[in-house]
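Survey of secondary and tertiary structure
This is what each chain is made of:
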Amino acid sequence: MKFIIAIIKPFKLDEVREALSGIGVAGMTVSEVKGFGRQKGQTEIYRGAEYSTNMLPKVKLEIAAADTLAPQIVETIQQVASTDSIGDGKLFVLDLAAATRIRTGESGDTAL
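The sections below set out a description of the structure shown in this document. (Residues numbered from 1 in each chain as written. Predicted model: local features only at pLDDT ≥ 70, side-chain atom pairs only at ≥ 80, totals over all residues. Heavy atoms only, no water.)

**Details of the nonpolar core**
Ile8, Val16, Leu20, Ile63, Ile73 and Ile77 are the most contacted members of the largest nonpolar core, which has 15 residues in total. Beyond its immediate stretch of four places on either side in the chain, Ile77 contacts Ala6, Ile8, Val16, Leu20, Ile63, Ser82 and Leu91. (Core = buried A, V, L, I, M, F, W, Y, C linked by side-chain atoms within 4.5 Å. Buried < 20%, exposed > 50% of the residue type's maximum accessible area, 1.4 Å probe, protein only. Contact = heavy atoms within 4.5 Å.)

**Things to note about helix H2 (residues 70-81)**
For H2, spanning 12 residues, the distance from its first C-alpha to its last is 16 Å, which sits close to the expected 16 Å at 1.5 Å a residue. Close packing links the buried residues of H2 with strand E1 (2-8), helix H1 (13-22), strand E5 (56-65) and strand E6 (89-95). (Helix = DSSP H or I, 4+ residues; strand = E, 2+ residues; numbered from the N terminus. Expected span 1.5 Å × (residues − 1).)

**Quick notes on the side chain of Lys58**
Residue position: Lys58 is located in strand E5. No salt bridge is formed by the buried Lys58. Its closest oppositely charged neighbour is Asp88, at 7.0 Å. Looking at Lys58, its side chain comes within polar contact range of the main-chain oxygen of Gly87, at 2.6 Å. (Lys, Arg positive; Asp, Glu negative; His and termini not counted. Salt bridge = Lys/Arg side-chain N within 4 Å of Asp/Glu carboxyl O. Polar contact = N/O pair within 3.5 Å; in protein donor to acceptor, adjacent residues only side chain to side chain.)

**Re the packing of H1 against H2**
At a closest axis distance of 9 Å, the pairing of H1 and H2 adopts a crossing angle of 145 degrees. The handedness of the crossing between H1 and H2 is right-handed. From H1, Glu15, Val16, Ala19 and Leu20 reach across to H2, where they touch Ile73, Thr76, Ile77, Val80 and Ala81. Looking at the contact of H1 with H2 residue by residue, the classes come out as seven nonpolar, one polar and one charged. (Axes fitted to C-alpha atoms, helices over the stretch in contact; angles between N-to-C directions. Left-handed = near helix turned anticlockwise from the far one by under 90°. Nonpolar A, V, L, I, M, F, W, Y, C, P; charged D, E, K, R; others polar.)

**Details of the environment of Ser85**
For Ser85, the location among the structural elements is in the loop between H2 and E6. A relative accessible area of 36% means that Ser85 is categorised as partly exposed. Reaching out from Ser85, the side chain makes a polar contact with the side chain of Lys9 at a distance of 3.2 Å.

**Some words on the pattern of salt bridges**
Per the counting criterion, the structure on display carries five salt bridges. The closest approach of N and O atoms between Asp95 and Lys2, which form a salt bridge, is 2.4 Å. Here Asp95, found in strand E6, pairs with Lys2, found in strand E1; they are 93 residues apart in sequence, far enough to count as distant. Between Lys60 and Glu62 there is a salt bridge, with its nearest N and O atoms 3.6 Å apart. For Lys60, a relative accessible area of 24% puts it in the partly exposed group.

**Notes on unusual backbone geometry**
Not every positive phi belongs to a glycine, and Asp84 is a case in point at roughly 60 degrees. For Asp84, a relative accessible area of 75% translates into the label exposed.

**Observations regarding the sheet that holds E5**
Pairing is antiparallel in the open sheet, where four strands are placed in the order E2-E5-E1-E6. With one partner strand each, in any of the chains shown, strand E2 (29-35) and E6 form the two edges of the open sheet. Ignoring strand direction, the axes of neighbouring strands in this sheet form an average angle of 20 degrees. Bridging between E1 and E6 involves seven bridges; their strand directions are antiparallel. Paired with Ala6 across the strands is Leu91, a residue of E6. Packed onto the sheet, H1 meets E1, E2 and E5 and runs at close to 10 degrees relative to E5. Of the strands in this sheet, E1, E5 and E6 touch H2, which is tilted by about 5 degrees from E1. (Pairing = 2+ DSSP bridges.)

Below you can see the structure in the form of structure tokens.
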């Protein structure tokens, strides 16, 4: 099993969610997060005063998937979330040692 973490731009969330549903992803966890990378932040104007912020709003997706589906999930997120500009985000794929469904006690791929 794999644990996929994707950090994407917030306005891409609905498109990515729909695309993942289309390839068979049954569920995911979504969190609103802030961070920066090469984008380094942005300058904004609030009530006439200019200020800069170094933490940009992003969305973090966490998906547990079977080994066979993981590459397709990564490719789908990369294609759909891309705007071809800096700050599109990152994808991380980790090995997932175990998963257990709390309600039934199922474990492994069946728990996903």
